[in-house]
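Inside the fold
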Amino acid sequence: MDDGVTRMDSIVSASHFREAARRRLPRFLFDYAEGGAFDEQTLDANVADLRAIQLRQRVLRDVAELDLGTHLFGRTHPLPVMLGPIGIGGMFRRRGETLAARAAHRRGLAFTLSTVSICSLREVRALAADGPLWFQLYVIRDRAFMRDLIEGARAAGAEALVFTVDMPTPGIRYRDVRSGMSGRYGPMRRVLQAMGRPGWAWDVGLHGRPHRLGNLEPVLGNASGLDDYIGWMAANFDPSIQWRDLGWIRELWDGPLIIKGILDVEDAREAAALGADGIVVSNHGGRQLDGVSSTARALPAIAEAVGDRLTVLADSGVRSGLDIVRMLALGARGVFLGRAWLYALAAGGEAGVARLLDLLEREMRVAMTLTGVSKVSAIDRSILTDLPDER
Ligand code: FNR
């Protein structure tokens, strides 16, 4: 059966993967990935502001040897790139998180598994090649369960804990209601949409089961299905948490602790005071509060304020190797991919993610060569013509 497998050599950029994913996925899934909160202004600004940053072309600077390696959290990463956490990534390809983890690990790159993944930590650890596995934790009302999840992460050999703090409540995403991802007639609409996408229906709908939130199965049992995934998040995420509550997580987890979802200098200082090892400057890909600053605008001041106290990573809006170089120039030490890897997974499975990583590396190499920097650690503001206004 034609499962719509995309020929990888015909894909030459991350945006091609997006198109291929759109053709292959039922609408509710593509829109869930593509969409942002409210009117999607921040989502658009993430991409536009990053793209608008001008690189400074330099020539004749002996860039014959390029070193893209970067040392973060006790390990050398061959690229300053990690696969960020994506909820229900396993719905985009059969047991999708294991495939993406394998592609990342084959290159020695970190894969971050979401709390709300389809494949559990254990499944990913068993099926992905040995490599740096990070675990993303959400703030859940049931603290004992959070403790269990942290224990599970340790048992699965997770190297870093990525604690996401920008989802005390899910953002309001109009597309999810319109597409059938949530809402009253969602289940019926999803089945109808899947019938129009036979490749996906065969690979994931039929053969990619169980469609459950693997890490939550121990507490939710049968209720860990996807019928009301967004509703479950709204009911179980905890808006009462405050900075001082994070102390116990720091005590429980002695490995690298990375706080994800920082967009403000004061919050970045709180994270440093808490003893976090890193932060991800992020607005969750424009999926939470619309109208907040793009990451490109927020990042420089945050990196300046805390970059000497913890490792600053960034995401939101990265669509190319040039964007990765831009984020590094704005002060990030490493960059999380979000939708970029999800679309590559949807379009081409493990081979798709591997291809994406090759393309991004190639683009980074060109950008470094033509801005005259031969190693990642030398990428800084001097390779930009100007900085975006902070707003
Ligand atoms: C996300 N993101 C996310 N973050 C997180 O900490 N836990 C999660 O479960 C998810 N789930 C999720 C699902 C989908 C479909 C998307 C697109 C994003 C946010 C993600 O880790 C990252 O911050 C953004 O995707 C970065 O923005 P770009 O690069 O996708 O624009």
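Now for a quick tour of the structure. Not measured: the values here are computed from a predicted model.

**Focus on the overall build of the protein**
- Per the secondary structure count, the protein includes 16 helices and 10 strands.
- Compactness check: the protein gives a C-alpha radius of gyration of 20 Å against a globular reference of 21 Å for 391 residues, within 12% of the reference.
- Looking at the 391 residues of the protein, the share that counts as buried comes to 58%.
- When the accessible surface of the protein is split by element, carbon and sulfur atoms take 50% of a total near 16000 Å².

**Comments concerning the nonpolar core**
- If you look at the biggest cluster of nonpolar residues, it comprises 120 residues, and the most contacted ones within it are Ile88, Phe92, Tyr229, Ile279, Leu337 and Trp341.
- In terms of residue count, the dominant contributor to this core is helix H16 (residues 339–371) (16 residues).
- With residues near it in sequence (within four places) discarded, Ile88 still touches Leu29, Tyr32, Glu97, Val116, Ser117, Ile118, Met181, Leu213, Leu226 and Tyr229.
- In this structure, Phe73, Met82, Leu313 and Phe336 belong to the second largest nonpolar core, which totals 11 residues.

**Quick notes on empty space enclosed by the protein**
- Applying the stated rule across the entire model yields 1 cavity of 30 Å³ or more.
- Its volume calculated, the largest cavity comes out at about 400 Å³.
- Residue lining of the largest cavity: 30 residues in total, with Pro85, Ile86, His284, Arg287 and Gly338 positioned closest to the centre.
- Those elements that place two or more of their residues in the lining of the largest cavity are helix H2 (27–34), strand S5 (133–138), helix H11 (229–236), strand S10 (334–337) and H16.

**Quick word on helix H1 (residues 14–24)**
- For H1, the set of buried residues is Ala14, Phe17, Ala20, Ala21 and Arg24. Down the axis of H1, the buried set is contained in an arc of 110°. They therefore lie on one face.
- In this structure, the buried residues of H1 make contact with H2, helix H9 (198–206) and H16.

**Structural notes on the packing of helix H4 (residues 96–106) against H16**
- Where H4 meets H16, the closest approach of the two axes is 8 Å, and the angle between their N-to-C directions is 20°. With respect to their mutual orientation, H4 and H16 come out roughly parallel. Judged by the sense of rotation from one axis to the other, the crossing of H4 with H16 is left-handed. Contacts between H4 and H16 involve Gly96, Leu99, Ala100, Arg102, Ala103, Ala104 and Arg106 from the former and Trp341, Leu345, Gly349, Glu350, Val353, Ala354 and Leu357 from the latter.
- When grouped by side-chain class, the residues that make up the contact of H4 with H16 number 9 nonpolar, 2 polar and 3 charged.

**Thoughts on the side chain of Glu350**
- One can find Glu350 in helix H16.
- When its relative accessible area of 17% is taken as the criterion, Glu350 is described as buried.
- Setting aside chain neighbours within four positions, we find Glu350 in contact with Leu99, Arg102, Ala103 and Arg106.

**Let's talk about the site of the ligand**
- Around the ligand sit 23 residues in total, of which Pro85, Gly87, Ser114, Thr164 and Asp315 are the nearest.
- One of the side-chain nitrogen or oxygen atoms of Ser114 is found 2.7 Å away from an oxygen atom of the ligand.
- Measuring from an oxygen atom of the ligand, one finds a backbone N or O atom of Gly317 at 3.0 Å.
- Here the shell around the ligand is composed, by residue class, of 8 nonpolar, 10 polar and 5 charged.

**What about the sheet that holds strand S3 (residues 81–83)?**
- With parallel pairing, 8 strands are arranged side by side around a closed barrel as S3-S4-S5-S6-S7-S8-S9-S10. Mean inter-strand twist for the sheet, computed between neighbouring axes without regard to direction, equals 30°.
- Pairing of strand S9 (residues 311–314) with S10, which is carried by 2 bridges, proceeds in the parallel orientation. For Leu313, the partnering residue across the bridge sits in S10 and is Gly334.
- Lying on the sheet, helix H6 (residues 143–155) is in contact with S5 and strand S6 (160–164); it crosses S5 at an angle near 175°.

**Focus: the pairing of strand S8 (residues 278–281)**
- In S8, alternate side chains face the same way, and those of Gly278 and Val280 on one face and Ile279 and Val281 on the other are all buried.
- Pairing of strand S7 (residues 257–262) with S8, which is carried by 4 bridges, proceeds in the parallel orientation. Bridged to Ile258 within S8 is Gly278.
- Pairing geometry for S8 and S9, over 4 bridges, is parallel. In the sheet register, Gly278 faces S9, and the bridge partner there is Thr311.
- Each parallel crossover has a hand, and for S8 linked through helix H14 (residues 295–306) to S9 it is right-handed.

**Thoughts on the packing of aromatic side chains**
- Scanning the model with the defined rule gives 8 aromatic pairs in all.
- Where Phe28 meets Trp200, the ring centres are 6.3 Å apart and the plane angle is 90°; that geometry is what we call edge-to-face. Note that Phe28 is positioned in helix H2 and Trp200 in helix H9, a separation of 172 residues in sequence.
- By relative accessible area, which is 4% here, Trp200 ends up buried.
- Grouping aromatic residues by their ring pairs yields a cluster made of Phe73, Trp134 and Phe336.
- One residue, Arg190, lies across the ring of Phe28, its end atom 5.7 Å from the ring centre.
- Arg287 extends its terminal NZ or CZ atom over the ring of Tyr32, reaching a point 5.0 Å from the ring centre.

Basis of the calculations
Residues numbered from 1 in each chain as written. Predicted model: local features only at pLDDT ≥ 70, side-chain atom pairs only at ≥ 80, totals over all residues. Heavy atoms only, no water. Helix = DSSP H or I, 4+ residues; strand = E, 2+ residues; numbered from the N terminus. Rg over C-alpha atoms; globule rule 2.2 N^0.38 Å. Buried < 20%, exposed > 50% of the residue type's maximum accessible area, 1.4 Å probe, protein only. Areas by Shrake-Rupley, 256 points an atom, 1.4 Å probe, with all protein chains shown as cover. Core = buried A, V, L, I, M, F, W, Y, C linked by side-chain atoms within 4.5 Å. Contact = heavy atoms within 4.5 Å. 1 Å grid on protein atoms, 1.4 Å probe; cavity = no way out; pocket = protein on both sides within 12 Å on 5 of 7 lines; lining within 4 Å. Points joined across faces, edges and corners; volume = space filled by probe spheres on them. Arc of directions from axis to C-beta. Axes fitted to C-alpha atoms, helices over the stretch in contact; angles between N-to-C directions. Parallel < 35°, antiparallel > 145°, perpendicular 65-115°, else oblique. Left-handed = near helix turned anticlockwise from the far one by under 90°. Nonpolar A, V, L, I, M, F, W, Y, C, P; charged D, E, K, R; others polar. Near = heavy atom within 4 Å. Polar contact = N/O pair within 3.5 Å; in protein donor to acceptor, adjacent residues only side chain to side chain. Pairing = 2+ DSSP bridges. Right-handed = clockwise from strand over helix to strand, strands pointing away. Phe/Tyr/Trp six-rings, centres within 6.5 Å; stacked < 30°, edge-to-face > 60°. Lys NZ or Arg CZ within 6 Å of the ring centre and 35° of its normal.

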